[in-house]
Amino acid sequence: MHREVDLRSDTVTQPTPAMRDAMAAATVGDVGYDEDPTVNELESRFAAMVGKEKAVFVPSGVMANQIAVRVLTKPGDLILAGRRQHVVSFEMGASARNSSVQFLTLDDTHGVLELRDVLDSIDAELDHQPHVALVAIENTHMPSGGTPWELDDVRALKDALGEVPLYMDGARLFNAVVATGTSALEYAESADVLMACLSKGLCAPVGSLLAGSRRAMTAATVERKRLGGTMRQAGFLAAAGLVALDTMIDRLAEDHERARTLAHVFADAFPESNYDPLTCRTNIVTFDHPEARKLVAHLEELGVRGGTVAPRRVRFVTHSGVNDDDVDYVTDVVGNLDFSFSHA
Ligand SMILES: Cc1ncc(COP(=O)(O)O)c(C=O)c1O
């Protein structure tokens, strides 16, 4: 029997029956007038979870990042970020287009930014180099394998930054929470502004939340409008978001467990990749392979759907639509791949 296991991304998740019920029953109003009670409840709930004065509901993670950049920088500013972070490499140059900023990119091979790299870049202002207006980190860091930041490292970074604000792209913040046992509140303490996506592992159909000081979020509401992100009766979406925050966080541990199993399966199947399965701590298996695109295409024919995130880098992501039988199937397919192919 042909099976299909979709490991392309955790964005392919479907809303749960509880979300669909909540959406159908949601009380809604016009967000532009601040009159949607369900959106307001979702924003308050998230703000409380992360200990910020206010949160703003936006249509997507990219928009959350773009609003943050607009709020925290001015044209010509420099943002320090990891070379492969989403805001740098996966948003079609949106920060340059929307905010006229430039990035100074740092090595993020292992998911975190080295404190020394950050401090040297800031210090370079004394050598006629641009002022660093913002440091952006990604937690979990997708391209390194969904790597969660350790709380001590985030704190050390924040302490070292002084007046320079810290932004946390927490598209998968709750994966980091579940993997490390650090609360969202603890992580958020060190970030001036942060965001989390509801539409990835948490299974809501649409939406991300940006949070920070009242002042920053007042500015964010203006930028949301400018970018066309002020939805109207968005309470239908927020209702699913509330179910996501209430019921879908703890189950991420299952995704992590399945990803760890798959990490070992892939590491064993492709020794040439030198992939260390122990680097898989959340829901993302990603490693370099010389024939990454061919490998993905071949696996797809066998019913295992993955993707590439760079020319020679494959990625497989677990989520609520992947169960233990699926993991067994992938184990079987990958374990029995044609040997010569695996050395293509
Ligand atoms: C780390 C990170 N940030 C931001 C985003 C953007 O989220 P969205 O697809 O909702 O725009 C993604 C999407 O995968 C992501 O992985």
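1. Some details on the domain arrangement of the chain
Phase 1 of the analysis: Looking at the chain, the domain boundaries give domain 1 (5-12 + 251-342) and domain 2 (17-247).
Phase 2 of the analysis: Each partner contributes residues to the interface: domain 1 has 17 residues there, and domain 2 has 16 residues.
Phase 3 of the analysis: Within the residue set of the side of domain 1 that touches domain 2, elements represented by two or more residues are α12 (252-269) and β9 (284-288).
Phase 4 of the analysis: Among the elements that take part in the side of domain 1 that touches domain 2, α12 stands out by supplying 4 residues, more than any other.
Phase 5 of the analysis: Looking at the side of domain 1 that touches domain 2 residue by residue, the class counts come to 6 nonpolar, 8 polar and 3 charged.

2. Things to note about the pairing of strand β7 (residues 193-197)
Phase 1 of the analysis: Burial of β7 is extensive: 5 of the 5 residues sit out of reach of the surface.
Phase 2 of the analysis: Alternating residues of β7 divide into Val193, Met195 and Cys197 and Leu194 and Ala196, and every residue in both groups is buried.
Phase 3 of the analysis: Note: strand β6 (residues 166-170) against β7, 4 bridges, orientation parallel. Bridged to Met168 within β7 is Leu194.
Phase 4 of the analysis: Here 4 bridges tie β7 to strand β8 (residues 208-212), and the two strands are oriented antiparallel to one another. Across the sheet, residue Met195 finds its bridge partner in β8, namely Leu210.

Definitions and limits used
- Residues numbered from 1 in each chain as written.
- Predicted model: local features only at pLDDT ≥ 70, side-chain atom pairs only at ≥ 80, totals over all residues.
- Domains from an automatic or database assignment.
- Contact = placed C-beta atoms within 7 Å.
- Helix = DSSP H or I, 4+ residues; strand = E, 2+ residues; numbered from the N terminus.
- Nonpolar A, V, L, I, M, F, W, Y, C, P; charged D, E, K, R; others polar.
- Buried ≥ 20, exposed ≤ 12 C-beta atoms within 10 Å, placed from the backbone.
- Pairing = 2+ DSSP bridges.

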